[in-house]
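Topology and contacts: notes
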Amino acid sequence: MKKRIGIIGGGIIGTATAYFLSKYPDAEITLFEKSSIGSGTTAKSAATFCLIDDSVSHEFWSVRLFGFNFYTRLENQFPGSTGFEKTGTLTICPYREYELYVKQAISLTLASDYKAEYWTDAERIHKIIPDINLDGVLGAGWCPDDGFFDATMTANTLARICREAGVKIYTETKVTQICTSGSKVTGLETTKGHFDFDVVVDASGPWARHVAQLVGVKLPIWHTKAEVFILEPTEKLGYNFPVLKYPRFYARKDKDNVFICKSHQSMDLNNPMHAGFWDPDLLPMTGGTDPYFWDFLTEQLMDVYPRLLESSIVNEWVGYRAEPPDFLPVLGPTPVEGYILAAGAGGNGVIEAPTIGRDLASFIMEGNKSWYLDRLPLSRLDNLKYDDTGRLISKPEIVIK
Ligand SMILES: Cc1cc2nc3c(=O)[nH]c(=O)nc-3n(C[C@H](O)[C@H](O)[C@H](O)COP(=O)(O)OP(=O)(O)OC[C@H]3O[C@@H](n4cnc5c(N)ncnc54)[C@H](O)[C@@H]3O)c2cc1C
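Presented here is a report on the structure given in the accompanying data block. (Residues numbered from 1 in each chain as written. Predicted model: local features only at pLDDT ≥ 70, side-chain atom pairs only at ≥ 80, totals over all residues. Heavy atoms only, no water.)

What follows covers the sheet that holds strand 11 (residues 193-196). Read across the sheet, three strands follow the order 9-10-11 without closing on themselves; strand pairing throughout is antiparallel. With partners counted over all chains shown, the strands left at the sheet margins are strand 9 (175-181) and strand 11, one partner each. When the angles between neighbouring strand axes are averaged without regard to direction, this sheet yields 25°. Sheet topology places strand 10 (residues 184-190) next to strand 11; four bridges connect them, and they run antiparallel. (Pairing = 2+ DSSP bridges. Helix = DSSP H or I, 4+ residues; strand = E, 2+ residues; numbered from the N terminus. Axes fitted to C-alpha atoms, helices over the stretch in contact; angles between N-to-C directions.)

Given below as structure tokens:
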């Protein structure tokens, strides 16, 4: 008999999980998306995929590499299907620790047969972006091979491949209840009726804390605000804009304009301007930004890239990143048998989705627990302490490798 698997959420993580599960002939897969495929956080993403990048530590290099190879293979197989733009990434190093990190990323990139260089010569850096200020900068990493994807397009490509492989996908279908018998999952109640399942995967992104409550699981996941501003320079920049990374913000091209956002790693869960827990259903597709974030970015740009301030803001939006306190995803089994988490991918879900999907599929269908699942179980967050208002007062020890 086939294993019946229900997936909640059709973002990049839900569709990647369905894709890898569909490789198993004994899996019968149904995915539920309450809106349209890739319309949640996935639609708001920068979807940068940089081989030189501080957003996922080097401990997770294999996760980054597998993801990058997976998407580029998909793009080669179905040209245009992931919206990949190979712009390269320029990572500016303003201090020694960051420089060491970037140099290590360059070694890893080269060892993986991609190109990367470290430059201390201002002229080289200015050949990529002529008008950034390099005062006090130690150097910059340059990787010409990477860039950014279109995460919604990619999720829809994965959904199409899944449908062709027999996965049932219900859009405009909300999961309203997770059914259990004893402490085991038996099915899902949805706006299109009841479905029986042996396993349920929760890939509901920033909704995961609400969804987990349906089955009595408490998820220590907060939202950090990802506020995006699309800048249209008054005078065209006149060069190919790469992904540009600083420790506290990043930018990439958006057609002829520039997409700019505060970096994920610079968010603080205890700062109410950065983080909290809100209802993602109330988040508009565009608008809703706080002056705080624009002021922050203005200050950064004044220092390092004043020319970009000669722009108008042509679009802006807010996304909620789903963040556990150690900024790492929560994956695999829970105390409720058959209820599996693919949650808390925060600011790195595009990078992580292929590995999450591959490893969860192997766990569900073959019982294999990869090192990645072993490293990121829900139980690692068991000993957190909260105050009366539910705010976190202790954080897990974060091991930076
Ligand atoms: C501004 C911004 C920039 C980012 N930049 C990057 C980047 O450069 N690189 C990177 O790797 N990551 C980046 N991220 C993070 C990345 O976009 C997310 O981690 C990723 O999209 C999360 O995918 P997901 O599938 O978990 O969630 P989502 O895309 O939110 O999908 C969850 C889905 O579940 C559905 N759902 C929820 N509840 C139910 C229910 N009850 N029934 C049915 N369906 C339900 C929702 O409608 C939603 O479509 C960025 C995020 C933002 C906001």
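Right, let's get into the environment of Cys261. Structurally, the position occupied by Cys261 is in strand 16 (residues 257-262). Separated by 33 residues in sequence, Cys261 and Trp294 place their C-alpha atoms 9.1 Å apart.

For the pair helix 1 (residues 12-21) and helix 9 (residues 349-366), interaxial distance at closest approach is 8 Å and the crossing angle is 40°. By the angle between their directions, the pair helix 1 and helix 9 is classed as oblique. At the point where helix 1 passes helix 9, the crossing takes the right-handed sense. Taking contact as the criterion, the partners of Ile12, Ile13, Ala16, Thr17, Phe20 and Leu21 in helix 1 are, on helix 9, Gly349, Val350, Ala353, Pro354, Ile356, Gly357, Arg358, Leu360, Ala361, Ile364 and Met365. Class assignment of the residues belonging to the contact of helix 1 with helix 9 gives a composition of 13 nonpolar, three polar and one charged. (Parallel < 35°, antiparallel > 145°, perpendicular 65-115°, else oblique. Left-handed = near helix turned anticlockwise from the far one by under 90°. Contact = heavy atoms within 4.5 Å. Nonpolar A, V, L, I, M, F, W, Y, C, P; charged D, E, K, R; others polar.)

All right, on to unusual backbone geometry then. We note that Ala47 has phi near 50°; this positive angle belongs to a residue other than glycine. With respect to the helices and strands, the residue Ala47 is situated in the loop between helix 2 (41-44) and strand 3 (48-49). With relative accessibility at 3%, the residue Ala47 sits in the buried group. Even without glycine at this site, Phe327 takes up a positive phi of about 60°. Positionally, Phe327 belongs in the loop between strand 18 (311-323) and strand 19 (330-333). Taking the relative accessible area as the measure of exposure, Phe327 reaches 15% and is therefore buried. (Buried < 20%, exposed > 50% of the residue type's maximum accessible area, 1.4 Å probe, protein only.)

Remember, this is a structural readout, not a statement about activity or role.
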